[in-house]
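Coordinate inspection notes
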Amino acid sequence: MQRIIVHRSSISPPSPSRLAQVTTTHLAHETLLTGLTGRNNMTTVSTLGAAPWRKIFLDHVQTMPSPEFSLGTVRKTVSATGAVGYAPRTRTCVFRGLFADLPVNPKNEAELNPDIYESDFLTLTTDRRMDKMAELFGVAEANDGEGVNLGGSGGGAPVEATFWVKETSTQWRVRGKAYVLAPDVERGPEGRQVISTLTARMRRRKKGDSPDGRRWSFGREVTAHFGNLSPQMRGTFRNPPPGTPAALPVGDERLGLGQKVTDLQDEVARSNFRVVVVVPAEVDRADLSDPDRARRWLYTFVGGGKTESTKPGGSIEDGWEKVEVWP
């Protein structure tokens, strides 16, 4: 896995109606005449400040030799008799920075977005052919009758990302919903719904477009994430289909292990490459650095409409309710 270091310190499937509901619930936002995608449409972004846990989380992540975490998902299964079951799944992933705050990589040749927006969203990258794709969409499989295109943008299923930061003796657990950004993110209706959901919780760093007139683009951000990977890591998206028996013929001469991709628009690799964005709803921080005085805090996103905590000892800051609890 490629090591990515964060350099900045200020780092059934959902239907369109469900995504729209998520967008408008418990949010404080302002209306902008210029859309993030570069079209002159109505787009909203949050007027709240950065999450109160954001800076310390990024400070902790920067101390990790490699920012790895465990991503927990829920696997939906359907038996031959039609019985529906659910099972936990987890795997190790690499933290790719906070969305719209891409870690600096001087070797990245992709065009970067102007430094206009920021968020509190975790990002990771994955292959659309992985089993976890169905889990991120909340479905059993691609053809289970739920009418979901796992090859496109969408998702919205619950996930939990767990970081153990040994250097600070702190465990971070970030719970929320995961959204998948595919090549169609700015073209298809599912992609536009994802954009609407994400922008409602994003923040402006500055007013207007960049000095050179460029507007912020989700498609450009996906390409920038691809460019931030090493050529060898990009080449993994030209591997044979993950999870298929190695004894079977691959059936596509373009696929194989050990490839290096230098073309940021490589057709095969880009068709499989996905950016996953985790929108936090709850953050659990457990500080175990002092054996005699372990401490733990729960942060819950409540939106801009709530100003007073209803929990003992709690406080509200920039849409997050913070409560210290026993570890």
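No experiment lies behind these values; they were computed from the predicted model shown. (Residues numbered from 1 in each chain as written. Predicted model: local features only at pLDDT ≥ 70, side-chain atom pairs only at ≥ 80, totals over all residues. Heavy atoms only, no water.)

Re the overall build of the chain
The test is simple: For helices the rule is a DSSP run of H or I covering at least 4 residues; for strands it is a run of E covering at least 2, with both sets numbered from the N terminus onward. Relative accessibility under 20% of the residue-type maximum defines a buried residue, over 50% an exposed one, and the middle range a partly exposed one, all with a 1.4 Å probe and only protein chains included. Accessible areas in this description were obtained via Shrake-Rupley with a 1.4 Å probe; residue shielding takes into account the shown protein chains only.
What the chain contains, in helices and strands, is seven helices and 13 strands. Out of the 327 residues belonging to the chain, those deemed buried represent 48%. Only carbon and sulfur atoms are counted for the fraction: they give 51% of the accessible area of the chain, which is about 15,500 Å².

Notes on the pattern of salt bridges
Pairs may arise between side chains of opposite charge once their charged atoms sit close together. What counts, and what does not: Any carboxyl oxygen of Asp or Glu within 4 Å of a side-chain nitrogen of Lys or Arg constitutes a salt bridge here.
Enumeration according to the criterion identifies 23 salt bridges in this entry. Measuring nitrogen to oxygen at the nearest pair gives 2.9 Å for the salt bridge that ties D59 to K55. One end of the pair is D59 and the other is K55, both in helix α2 (residues 54-62) and four residues apart, which spans about a single turn. With a shortest N-O distance of 2.9 Å, R238 and D266 are connected by a salt bridge. Here D266 lies in the loop between α6 (231-235) and α7 (267-272) and R238 lies in the loop between α6 and α7, a separation of 28 residues in the sequence. Classification of R238 by relative accessible area gives buried; the value is 13%.

Things to note about the confidence of the model for the chain
Note the following rule: Residue-level confidence of the predictor is what pLDDT reports, using numbers from 0 through 100. Every residue pair with non-hydrogen atoms within 4.5 Å of one another is taken to be in contact.
Here the chain shows a mean pLDDT of 87. Residues at 70 or above account for 82%. Low pLDDT (under 50) marks residues 1-35, which in the prediction has 119 contacts with non-local residues, meaning those over four places away or in another chain. This model gives residues 37-42 a pLDDT under 50, and the stretch forms 19 contacts once residues within four places in sequence are excluded.

Describing the nonpolar core
Stated precisely, the cut-off is as follows: Take the buried residues of types Ala, Val, Leu, Ile, Met, Phe, Trp, Tyr and Cys, join any two whose side-chain atoms come within 4.5 Å, and each joined set is a nonpolar core.
Within the largest apolar cluster, 36 residues are counted, with the highest numbers of intra-cluster contacts made by W53, F57, F69, F95, L122 and F163. Only α2, β3 (68-78), β6 (122-127), α3 (132-137), β7 (154-165), β8 (170-181), β10 (273-287) and β11 (295-301) provide two or more residues apiece to this core. Once residues within four sequence positions are removed from consideration, W53 is found in contact with D120, W172, P280, V283, Y299 and W320. Of all hydrophobic cores here, the second largest spans 27 residues; its members include I116, F226, A269 and F273.

Points about unusual backbone geometry
Even without glycine at this site, A100 takes up a positive phi of about 75°. Of note, the phi angle at D318 is positive, near 50°, even though the residue is not glycine. When you line up the elements, D318 lands in the loop between β12 (315-317) and β13 (320-325). Taking the relative accessible area as the measure of exposure, D318 reaches 32% and is therefore partly exposed.

A short note on the side chain of T199
The condition that has to hold: What qualifies as a polar contact is a pair of N or O atoms within 3.5 Å, subject to a donor-acceptor requirement within protein and to the restriction that residues adjacent in sequence count only when both atoms come from side chains.
Mapped onto the elements of the fold, T199 is located in helix α4 (residues 189-199). Here S196 takes part through its backbone oxygen, which lies 3.2 Å from a polar atom of the side chain of T199.

Considering the layout of surface pockets
For clarity, the threshold we go by: With a 1 Å grid laid over protein atoms only, a set of points is called a cavity when a 1.4 Å probe fits there but cannot get out and a pocket when it is open yet has protein on both sides within 12 Å along at least five of seven lines; lining residues have an atom within 4 Å of a point. Grid points are joined across faces, edges and corners, and a volume is the space filled by probe spheres set on the points. Lys, Arg, Asp and Glu make up the charged group, whereas Ala, Val, Leu, Ile, Met, Phe, Trp, Tyr, Cys and Pro make up the nonpolar group; the residues left over, Gly among them, are polar.
Each pocket or cavity is described by its volume, and for the largest pocket that value is around 350 Å³. Lining the largest pocket are 20 residues; nearest its centre among them are T125, T126, M130, K132 and M233. Considered class by class, the residues forming the lining of the largest pocket number ten nonpolar, five polar and five charged.

Examining the side chain of D120
Along the chain, D120 turns up in the loop between β5 (117-118) and β6. A polar atom in the side chain of D120 sits 3.4 Å from the backbone nitrogen of A51. Among the polar contacts listed, one links the side chain of D120 to the side chain of R203, at a separation of 2.9 Å. When neighbours within four sequence positions are excluded, D120 is seen to be in contact with A50, A51, W53, R54, L98, R203, P280 and W320.

Looking at the pairing of β13
Formally: In this analysis, strands are considered paired if DSSP registers two or more bridges between them.
Here β11 pairs with β13 via six bridges, running antiparallel. Counterpart to L298 in the pairing with β13 is V323. As paired elements, β12 and β13 share three bridges and run antiparallel to each other. Residue pairing for β13: S315 is matched across the bridge by K322. Remark: two residues form the turn of the hairpin made by β12 and β13, two consecutive strands paired antiparallel; D318 in that turn has positive phi of roughly 50°.

Re empty space enclosed by the protein
By volume, the largest cavity amounts to about 60 Å³. Around the largest cavity, the lining residues are S46, L48, G49, D120, R201, R203, F301, D318 and W320. Per-class residue counts for the lining of the largest cavity are three nonpolar, two polar and four charged.

Topic: the packing of aromatic side chains
Stated precisely, the cut-off is as follows: Each aromatic pair joins two rings of Phe, Tyr and Trp (for Trp, the six-membered one) with centres within 6.5 Å, and gets the label stacked for planes under 30 degrees apart, edge-to-face for over 60, and tilted for any other angle. Both a distance and an angle decide whether a charge sits over a ring: NZ of Lys or CZ of Arg must be within 6 Å of the ring centre and within 35 degrees of the ring normal.
The full count for this structure, using the stated rule, is 15 aromatic pairs. Aromatic pair W53 and F57: ring centres 6.0 Å apart, planes at 80°, arrangement edge-to-face. Taking relative accessible area as the criterion, F57 reaches 0% and is therefore assigned buried. A ring pair is formed by F57 and F163, whose centres lie 5.2 Å apart and whose planes are at 85°; its orientation type is edge-to-face. With F57 in helix α2 and F163 in strand β7, this residue pair connects regions lying 106 residues apart in the sequence. The same class applies to F57 and to F163, which are both buried. Each residue in the set W53, F57, F69, F95, F163, W172, F301 and W320 is aromatic and connected to the rest through ring pairs, giving one cluster. Sitting above the plane of the F226 ring, R270 keeps its charged end 5.3 Å from the centroid.

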